[in-house]
Structures are given as structure tokens and as C-alpha cells.
Amino acid sequence: MKKISHPTTKNIYFWALISAFGLVLMNIAATMDVTAPFKSASLLLLLVVLGYGLIKTLCGIIFNGLYADGGVLSVLLLEVCFFGLCLSAALL
């Protein structure tokens, strides 16, 4: 439980890279002609990855005091924006 609630900056950046890779794969799948169940499943998986990365970033800011690091705050802003974008796409 401590690893989840007290992440390091490397851990936060790692999950940000995984989220960015998921966004790139989602864009590649959107440009190709894939079936609707595959698109919805990949969107839900991306939402789970973005949500977990968002939780880890928030825990790092709250519990580890990483609010002084501008890179972590930038990651938080990008994850919130893309999570909201993907959530609105999943609800439509």
C-alpha cells in the first residue's frame, strides 16, 4: 500500500509515459478501420491507465510533497485533461 500512496517522481513519469503510449496507440487504432468493440475496449483500458496514473500523481503531490516539482504538476495537468477528454468520449 505504501508504494501506491507514496510514489516517487520516476514512478509518476513512468506512468505518464505509459499513458502517452496508450494515447498514441488509441490514435493509431482510430485512424485504422477497427471494429467498435475493440475501440471501446481500448478506450476503457486507456481510461483505467489514465485514472491509475492520475491517482498516483495526486498521491505523490499530497503525501510526498512533490508540488514543488514543476514536471509533476505538468503531468497532473495533462493527465486531468486527457482523462476528461477520454471520459467524455466514452460516455458519448
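Residues numbered from 1 in each chain as written. Predicted model: local features only at pLDDT ≥ 70, side-chain atom pairs only at ≥ 80, totals over all residues. Heavy atoms only, no water.

1. What to know about the packing of helix 3 (residues 36-63) against helix 4 (residues 70-91)
For the pair helix 3 and helix 4, interaxial distance at closest approach is 9 Å and the crossing angle is 150°. The angle between the axes of helix 3 and helix 4 places the two elements in the roughly antiparallel class. Regarding helix 3 and helix 4, the two cross each other, and that crossing is left-handed. Contact with helix 3, carried on its side by L43, L46, L47, L50, G51, G53, L54, T57, L58 and I61, involves V72, L73, V75, L76, E79, V80, F82, F83, C86, L87, A89 and A90 of helix 4 and no other residues of that element. (Axes fitted to C-alpha atoms, helices over the stretch in contact; angles between N-to-C directions. Helix = DSSP H or I, 4+ residues; strand = E, 2+ residues; numbered from the N terminus. Parallel < 35°, antiparallel > 145°, perpendicular 65-115°, else oblique. Left-handed = near helix turned anticlockwise from the far one by under 90°. Contact = heavy atoms within 4.5 Å.)

2. Quick notes on helix 3
Compared with the 40 Å implied by 1.5 Å per residue over 28 residues, the 40 Å span of helix 3 between its first and last C-alpha is a close match. Note on helix 3: the residue one or two positions beyond its end, G65, has a positive phi of about 70°. (Expected span 1.5 Å × (residues − 1).)

3. Notes on the state of the cysteines
Considering all chains together, one arrives at 0 disulfides under this definition. Cysteine C59 shares no disulfide, and the gap to the nearest cysteine sulfur, in C81, comes to 19 Å. This cysteine, C81, is not joined by any disulfide, and C86 carries the nearest cysteine sulfur, 11 Å off. (Disulfide = S-S within 2.5 Å.)

4. Observations regarding the side chain of T57
By the secondary structure assignment, T57 is in helix 3. On the basis of relative accessibility, which here comes to 0%, the residue T57 falls in the buried class. Among residues more than four places away in sequence, those in contact with T57 are I12, V72, V75, L76 and E79. (Buried < 20%, exposed > 50% of the residue type's maximum accessible area, 1.4 Å probe, protein only.)

5. What about the packing of aromatic side chains?
One pass over the full model with this rule turns up 2 aromatic pairs. For the ring pair F14 and W15, a centre distance of 6.2 Å and an interplane angle of 80° mean the geometry is edge-to-face. Seen from their ring centres, W15 and Y52 are 4.7 Å apart, and the 70° between their planes marks the pair as edge-to-face. Placement of W15 in helix 2 (residues 9-31) and of Y52 in helix 3 is noted, with a sequence separation of 37 residues between them. Clustering of aromatic rings is evident, with ring pairs tying together F14, W15 and Y52. (Phe/Tyr/Trp six-rings, centres within 6.5 Å; stacked < 30°, edge-to-face > 60°.)

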